[in-house]
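Spelled out, the chains give:
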Amino acid sequence: MAISKIETASLDTGLVAPTATALTTASGSAPSYSARAWIFFTVSSGTPSISASGNISSITDNGVGDFTFNFTNNFSDTNYCVTSMGTGGGANYQIFGGNQTAYTKNVSSLRGTFGYVSSVGGGLTNQDPASANIAIFR
Amino acid sequence: MSYIGAQPTTASFPFDQFSGNGSTTAFTLTYAPASTTSIVVAVSGVVQNPNTYSVSGSTLTFTGAPPSGTNNIAVLFLGLPSIVGVPNAATVGISQLSATGSPSSTTFLRGDNTWNGVDSLTTASGSAPSYSARAWVNFNGTGTVAIRASGNVSSITDNGTGDYTVNFTTAMPDANYNAIGVVGRNLSGVVANVPAASSTPTTSAVRVSSSTVSLFYDPEQYNVAIFR
């Protein structure tokens, strides 16, 4: 009679890797770090709408170009890495986080500003993007 | 000798032997036979009638004590019952497993009995593969540059105002990676330039800058992520 199953306790634990440090989609030996939160959202008539997301529960609209992204699960601290790109909205330049005063990191949310620079050395003018992407790493 | 199918093979049957003393009637066997006819018992070279002994578990008991003699009692097991049970802890290795694919330090045994690497995460929906950042960093670019948090970034080199080099701990497989960045500074209009203008990314580092259209500034928040 064949043995139908082998309990994991019987396995030589030296053969079992506890975690994966890289995906098979990665080449080379550099480790893999997945985004811990991401979102693709659109803004129509001043109202933001989540098209797709991961670990984002909601968006709070604080005003023109000013949004708070609320996380479903908190981050361990506020030292996470934020990347973003916004498009459209009638502006010639969209950027997130260009104004430190409106760039607030919390473990449970991230507040940032989208806007554009209209002239060389000019300031940032808040504006809603037509759509924008954010990815956060930690 | 011709045969059909797999070549016949033979196996050894377990064998116990004991020394009689003229008084002992019970002997402990290595295995527990199913019945008296599961073993052949010989005393002083004479095969015994199964009616002259009994078995209970692994105990063989004669109706009369065998005579004295060195190893004069022989017990040949005609077969053993199939032993189906749980292998002892830490006794099953790779060579005992039968699965599709090849095991290696980067593969795992999946539920469908296949050795495979991790090509997507459980947090991902759909069948598109997952691509993780191969390096990321959040650093303070003002004053003495300080890394707040990072992955696979060994250090930040301060090349001047708004000009930095992000050094990787483990090199990228080539310089064709995707580098993206976002800065935050207490001055409107400062943007991230990743890679920095006129710089050439290498497998071990990427140079980044922070500026308005014409002037460089140190940002309080500089975020960079690398994909490959």
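For the structure itself, look to the data block above.
The rules behind each value
- Residues numbered from 1 in each chain as written.
- Chains lettered and ligands numbered in written order.
- Predicted model: local features only at pLDDT ≥ 70, side-chain atom pairs only at ≥ 80, totals over all residues.
- Heavy atoms only, no water.
- Salt bridge = Lys/Arg side-chain N within 4 Å of Asp/Glu carboxyl O.
- Helix = DSSP H or I, 4+ residues; strand = E, 2+ residues; numbered from the N terminus.
- Buried < 20%, exposed > 50% of the residue type's maximum accessible area, 1.4 Å probe, protein only.
- Phe/Tyr/Trp six-rings, centres within 6.5 Å; stacked < 30°, edge-to-face > 60°.
- Core = buried A, V, L, I, M, F, W, Y, C linked by side-chain atoms within 4.5 Å.
- Contact = heavy atoms within 4.5 Å.
- 1 Å grid on protein atoms, 1.4 Å probe; cavity = no way out; pocket = protein on both sides within 12 Å on 5 of 7 lines; lining within 4 Å.
- Points joined across faces, edges and corners; volume = space filled by probe spheres on them.
- Pairing = 2+ DSSP bridges.
- Axes fitted to C-alpha atoms, helices over the stretch in contact; angles between N-to-C directions.
- Lys, Arg positive; Asp, Glu negative; His and termini not counted.
- Polar contact = N/O pair within 3.5 Å; in protein donor to acceptor, adjacent residues only side chain to side chain.

Peer 1: Before we go on, may I ask you to explain the pattern of salt bridges in this structure?
Peer 2: Where charged atoms from two side chains of opposite charge approach closely, those side chains can pair. Residue and element names in this part refer to chain A. In this structure the tally under the stated criterion is four salt bridges over all chains. One salt bridge connects Asp-66 with Arg-111, and the closest N-O pair in it is separated by 2.7 Å. In this pair, Asp-66 sits in strand E4 (residues 66-71) while Arg-111 sits in strand E8 (residues 109-117), placing the two residues 45 residues apart along the sequence. A relative accessible area of 10% places Asp-66 in the buried class. Notably, a salt bridge pairs Arg-138 with Asp-77, separated by 2.7 Å at the nearest N-O pair. Highlighted residues: Arg-138 in the segment after strand E10 (131-137) and Asp-77 in the loop between E4 and strand E5 (81-87), separated in sequence by 61 residues. For Arg-138, a relative accessible area of 26% puts it in the partly exposed group.

Peer 1: Please explain the packing of aromatic side chains as it appears in this structure.
Peer 2: When we look at a pair of aromatic rings, we describe it by the centre distance and by the angle of the planes. As enumerated under the stated definition, the model contains 18 aromatic pairs over all chains in all. Ring geometry for Tyr53(B) against Phe62(B): centres 6.3 Å apart, planes inclined by 65 degrees, an arrangement best described as edge-to-face. With centroids separated by 5.7 Å and ring planes inclined at 85 degrees, the aromatic side chains of Phe168(B) and Tyr177(B) adopt a geometry described as edge-to-face. The buried category is assigned to Phe168(B), whose relative accessible area is 7%. Under the relative-accessibility criterion, Tyr177(B) is labelled buried at 10%. One aromatic cluster in this structure is built from Phe41(A), Phe67(A), Phe69(A) and Phe114(A).

Peer 1: Looking at this structure, how should I read the nonpolar core?
Peer 2: The nonpolar side chains of soluble globular proteins are, as a tendency, buried together. If you look at the biggest cluster of nonpolar residues, it comprises 21 residues, and the most contacted ones within it are Ile156(B), Val166(B), Phe168(B), Val208(B), Tyr222(B) and Ile226(B). Counting only elements with at least two residues in this core, the list comes to strand E10 (133-140), strand E12 (153-160), strand E13 (163-168), strand E14 (178-184), strand E16 (205-211) and strand E17 (221-227) of chain B. Leave out the neighbours within four places in its chain, and Tyr222(B) touches Val137(B), Asn138(B), Phe139(B), Tyr164(B), Val182(B), Val183(B), Ala192(B), Asn193(B), Val194(B), Val208(B), Ser209(B) and Ser210(B). Among the nonpolar cores identified, the runner-up in size contains 17 residues, and Phe41(A), Phe75(A), Leu110(A) and Ala132(A) belong to it.

Peer 1: So what exactly am I meant to see when it comes to the layout of surface pockets here?
Peer 2: The gaps of empty space that remain are located by a probe, the size of a water molecule, rolled over the atoms. Reported here for the largest pocket is a volume of approximately 1200 Å³. Taken together, 48 residues line the largest pocket, and the ones lying closest to its centre are Ala35(A), Ala37(A), Trp38(A), Ala135(A) and Phe137(A). Of all the secondary-structure elements, those providing two or more residues to the lining of the largest pocket are strand E1 (35-44), strand E2 (47-54), E5, strand E6 (95-96) and E10 of chain A together with E14 and strand E15 (191-193) of chain B. Per element, the largest residue contribution to the lining of the largest pocket is five residues, and it comes from E14(B).

Peer 1: Please clarify how the sheet that holds E10(A) should be interpreted in this entry.
Peer 2: Two modes of strand pairing occur in sheets, parallel and antiparallel, and in both the strands are linked by backbone hydrogen bonds. All names here are of chain A. With antiparallel pairing, the four strands of this open sheet are ordered in space as E2-E1-E10-E5. Either end of the sheet is taken by a strand with one partner, and the two such strands are E2 and E5. Here the average twist between neighbouring strands, direction ignored, is 20 degrees. Here E5 pairs with E10 via seven bridges, running antiparallel. Paired with Gly-86 across the bridge in E10 is Ala-132.

Peer 1: For this particular structure, what's the right way to read the side chain of Asp128(A)?
Peer 2: Residue and element names in this part refer to chain A. Within the element layout of this structure, Asp-128 appears in the loop between strand E9 (124-126) and E10. For the buried Asp-128, which has no salt bridge, the nearest side chain bearing the opposite charge is Arg-111, at an N-O separation of 11 Å. Engagement of the side chain of Asp-128 in a polar contact is seen with the backbone nitrogen of Gly-65, the distance being 2.6 Å.

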